[in-house]
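The primary structure of each chain is shown beneath.
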Amino acid sequence: MQLRYFSYISRGKIAQLDEQLSDLTNLTHTKVASKSAEGRVKASAGFKALFGGEVEGKGNRGFSTELVGNEGDLQKLKKILKHMEENEDIGDLNELCKQGPGTTLDCFAYSYRGEFWTLGTLTRERSGFVINESALRQGHDDIVISRDSLVIPARTENALQDSSRTVSNIAIIVSRCGEYDITLSCSYKYFSDMGDHRMGDSQVFEVHPHSGNYHFFEGGEPAYFEGVVFINGVRSRTIYGSPLFLNYAQHDGLYL
């Protein structure tokens, strides 16, 4: 099994999707070796490559599950991805961007791999959107921000409460793919390596960048991610979406 470092996992999306796959709650699983059944495989090559074929289930040795307690986010994510691969249309956004105008974006979700930088921060207090000065040199001359396709979905997901009692602002990250900008909204609280502080005397913690990743969130340094995203809309050369997860990916252009 190949290990991967997950930089971002949307607990809100995982909770919603996982509830649709089970009538039970507060469950975990114990792995039991079995022969997996051959099922429909409709996912793109880009989607399968994210897990090195682990999610694929055409006659390979797989696992059944015995439900016994609490199931973690990663276990839920793997179950969701397996279901998506066998039952949903998953497009390769890298390849679709190369096809240019007129390409149909009608898949359930999309795999994507590329270099991202942080355009700015959408504040949770609804007080505004702060654009990073250094990020202005990265994208197209016109910066297009959609209320319906970016701002409202981002704030709706960010407002979801979970057991960790955390709140945060929202990073707007962008990747260039051919002639298009892939613009994703990502709540700070769903990133795996962040700082936090208690808000006053309450039991609520606000999540924020720390000294180790400050330069990325300020738009100064890029990060290379691969993952699965849901597309909310397209305006001009900007594709708006929200990720289910993002991995740190191997960057082919790095040398010592």
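Our structure is the block above this text.
1. Focus on the nonpolar core
In terms of nonpolar packing, the biggest core is built from 26 residues, with Leu 93, Ile 173 and Ile 182 touching the most fellow members. Of all the elements in the fold, those that place two or more residues in this core are α4 (93-99), β5 (109-122), β8 (170-177), β9 (180-187), α6 (214-217), β12 (223-235) and β13 (238-248). Broken down by element, this core gets its largest block of residues, four residues, from β9. Discounting chain neighbours no more than four positions away, the residues touching Ile 173 are Phe 116, Trp 117, Thr 118, Leu 119, Ile 182, Thr 183, Leu 184, Cys 186, Phe 216, Phe 225 and Leu 246.

2. What to know about the packing of aromatic side chains
Under the defined criterion, the tally for this structure stands at twelve aromatic pairs. Judged by centre distance (5.1 Å) and plane angle (90°), the rings of Phe 191 and Phe 217 are edge-to-face. Of the two residues, Phe 191 is situated in the loop between β9 and β10 (195-198) and Phe 217 in helix α6; the sequence distance between them amounts to 26 residues. Exposure remark for Phe 217: the relative accessible area of 3% places this residue in the buried category. Ring plane angle 70° and centroid distance 5.0 Å describe the contact between Phe 216 and Phe 217, whose orientation is recorded as edge-to-face. Of the aromatic side chains, those joined through ring pairs into one cluster are Tyr 5, Tyr 8, Tyr 112, Phe 116, Tyr 188, Tyr 190, Phe 191, Phe 216, Phe 217, Phe 225 and Tyr 248.

3. Comments concerning helix α5 (residues 147-158)
Taken together, the buried positions of α5 are occupied by Ser 149, Leu 150, Val 151, Ala 154, Arg 155, Glu 157 and Asn 158. You can read the cap of α5 off the contacts: a side-chain oxygen lies 3.0 Å from the backbone nitrogen of Ser 149, and it is on Ser 146.

Analysis parameters
Residues numbered from 1 in each chain as written. Predicted model: local features only at pLDDT ≥ 70, side-chain atom pairs only at ≥ 80, totals over all residues. Heavy atoms only, no water. Core = buried A, V, L, I, M, F, W, Y, C linked by side-chain atoms within 4.5 Å. Buried < 20%, exposed > 50% of the residue type's maximum accessible area, 1.4 Å probe, protein only. Helix = DSSP H or I, 4+ residues; strand = E, 2+ residues; numbered from the N terminus. Contact = heavy atoms within 4.5 Å. Phe/Tyr/Trp six-rings, centres within 6.5 Å; stacked < 30°, edge-to-face > 60°. Polar contact = N/O pair within 3.5 Å; in protein donor to acceptor, adjacent residues only side chain to side chain.

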